[in-house]
Amino acid sequence: MNILLELFVVTFRVLWAFVLAAAKWLVRPKEKSVAGQVCLITGAGSGLGRLFALEFARRRALLVLWDINTQSNEETAGMVRHIYREMAEATAAVPRAGDGEKDALPHCNLQVYTYTCDVGKRENVYSTAERVRKEVGEVSVLVNNAGVVSGHHLLECPDELIERTMMVNCHAHFWTTKAFLPKMLEMNHGHIVTVASSLGLFSTAGVEDYCASKFGAVGFHESLSHELKAAEKDGIKTTLVCPYLVDTGMFRGCRIRKEIEPFLPPLKPEYCVKQAMRAILTDQPMICTPRLMYMVTFMKSILPFEAVVCMYRFLGADKCMYPFIAQRKQATNNNEAKNGI
């Protein structure tokens, strides 16, 4: 009898979850504040990482930027400091706008810290994380964004590049999370963001190592989310970000069928990050951009494999990475010729 009662309760909760999800489509949830919270972003020196840093800076978060490239990381920090200065000037001007407005904007000591860190090396992650804890404090928002792509067919890809892709795109998520999750658990407060890819939900030919690494990141994120729920740590939120091809240059040359391209062009990085930020600040568990990716993932899950192949071929998605791989190969050959190798 108890199991029948539990089944009834579970059925009600499942239906209620559908109602709440539908309501969020109709009424936009209020965004939470991250002002004054420590936000760490990996791969902050360029691409989506840089844009995430600027968006969090506009929301008055205290930024910790990690990147393997010191110069580009400092360039991002300079942009963040410029935003901080503009906000400080705006805050200083508020009292002159009229009486009673002194507390209109929250005041906090906004700073940005930069660290050169190779997230593909476990010891480097742990040692840098310890420096962050000592010099900045405990991290409240962790954005695992760093990523690499080798751009080789499987049999042409050196083993060290395959290992590098797996280390940066997948294993690094384990190490950064292990470094900062304990304090989040103690406080029952925090947010872990996994920037994966649509290629972590469905795959294509020619980028086996990249797809495997992103599938791994998605699996890690989902399992971690379930572990936090099982531990009843509802104060720690998780968001999985799975964008379609983003126009950052990472996959330059990737092409789908030319008749389809106008309806499914590469995403503008700014649009992708703004959508992701909305999901993060409203505690949305997952965001796919564009929304068509939800349908593609669903179709891939229910269709027979041969039907998926037919669909891929119609869209030109079966070999969409081949032009990109050819460009990478040509660039590598040119560099070798230039260096006299």
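Residues numbered from 1 in each chain as written. Predicted model: local features only at pLDDT ≥ 70, side-chain atom pairs only at ≥ 80, totals over all residues. Heavy atoms only, no water.

Per an unreviewed UniProt entry, the recorded name for the chain is NADP-retinol dehydrogenase, and the organism is Nyctibius bracteatus. For the record of the chain, the UniProt heading Catalytic activity (unreviewed entry) holds the text "all-trans-retinol + NADP(+) = all-trans-retinal + NADPH + H(+)". (UniProt positions renumbered as here; feature names shortened; annotations may be inferred.)

Moving on: the pairing of strand β7 (residues 286-289). Each regular strand carries side chains that alternate between the two faces of the sheet. Sheet topology note: the strand β6 (residues 236-243)/β7 ladder contains four bridges and is parallel. Each residue of the ladder has a partner; that of Val-241, found in β7, is Ile-287. Once the chain exits β6 it traverses helix α7 (residues 269-281) before rejoining the sheet at β7, and the crossover so formed is left-handed. (Pairing = 2+ DSSP bridges. Helix = DSSP H or I, 4+ residues; strand = E, 2+ residues; numbered from the N terminus. Right-handed = clockwise from strand over helix to strand, strands pointing away.)

Between helix α4 (residues 122-135) and helix α5 (residues 159-187), the shortest axis-to-axis distance is 9 Å and the interhelical angle comes to 30 degrees. The orientation of α4 with respect to α5, classified from their angle, is roughly parallel. Judged by the sense of rotation from one axis to the other, the crossing of α4 with α5 is right-handed. From α4, Arg-122, Val-125, Tyr-126, Ala-129, Val-132 and Arg-133 reach across to α5, where they touch Trp-175, Thr-176, Lys-178, Ala-179 and Phe-180. (Axes fitted to C-alpha atoms, helices over the stretch in contact; angles between N-to-C directions. Parallel < 35°, antiparallel > 145°, perpendicular 65-115°, else oblique. Left-handed = near helix turned anticlockwise from the far one by under 90°. Contact = heavy atoms within 4.5 Å.)

Time to look at unusual backbone geometry. A cis geometry characterises the amide bond from Thr-289 onward to Pro-290, with omega recorded as -10 degrees. Along the chain, Pro-290 turns up in the loop between β7 and α8 (292-302). Although it is not a glycine, Glu-232 sits at a positive phi angle of roughly 60 degrees. Inspection of the secondary structure assignment puts Glu-232 in the loop between α6 (208-230) and β6. Owing to a relative accessible area of 63%, Glu-232 belongs among the exposed residues under this scheme. (Buried < 20%, exposed > 50% of the residue type's maximum accessible area, 1.4 Å probe, protein only.)

A few words now on α8. Met-293, Val-296 and Thr-297 are the residues of α8 that are buried. Down the axis, α8 shows its buried residues gathered within 100 degrees of arc, on one side only. (Arc of directions from axis to C-beta.)

There is a patch of nonpolar side chains on the surface, built from Phe-12, Trp-16, Val-19 and Leu-20 and spanning about 420 Å² of accessible area. Locating Trp-16 in the fold gives a position in helix α1 (residues 2-26). For Trp-16, a relative accessible area of 46% corresponds to the partly exposed category. (Patch = residues over 30% accessible without salt bridge, like charges linked within 9 Å, V, L, I, M, F, W, Y side chains within 5 Å. Areas by Shrake-Rupley, 256 points an atom, 1.4 Å probe, with all protein chains shown as cover. Salt bridge = Lys/Arg side-chain N within 4 Å of Asp/Glu carboxyl O.)

This brings us to the sheet that holds strand β5 (residues 190-195). The parallel open sheet is built from seven strands, whose spatial order is β3-β2-β1-β4-β5-β6-β7. Sheet topology places β3 (112-116) and β7 at the edges, where each strand pairs with a single neighbour. With direction set aside, neighbouring strand axes in the sheet form an average angle of 15 degrees. Where helix α2 (residues 47-58) meets the sheet, it contacts β1 (38-42), β2 (62-67), β4 (141-144) and β5, and its direction lies at approximately 170 degrees from that of β1. With respect to the sheet, α5 is in contact with β1, β2, β4, β5 and β6, its orientation differing from that of β4 by roughly 170 degrees.

So, on to the pairing of β4. The alternating pattern of β4 places Val-141 and Val-143 and Leu-142 and Asn-144 on opposite faces, both of which are buried. Bridge analysis of β1 against β4 gives three bridges, and the strand direction is parallel. Looking at the pairing, Cys-39 lines up with Val-141 of β4. The pairing of β4 with β5 spans four bridges and is classified as parallel. Bridge pairing in β5 places Leu-142 opposite Ile-192.

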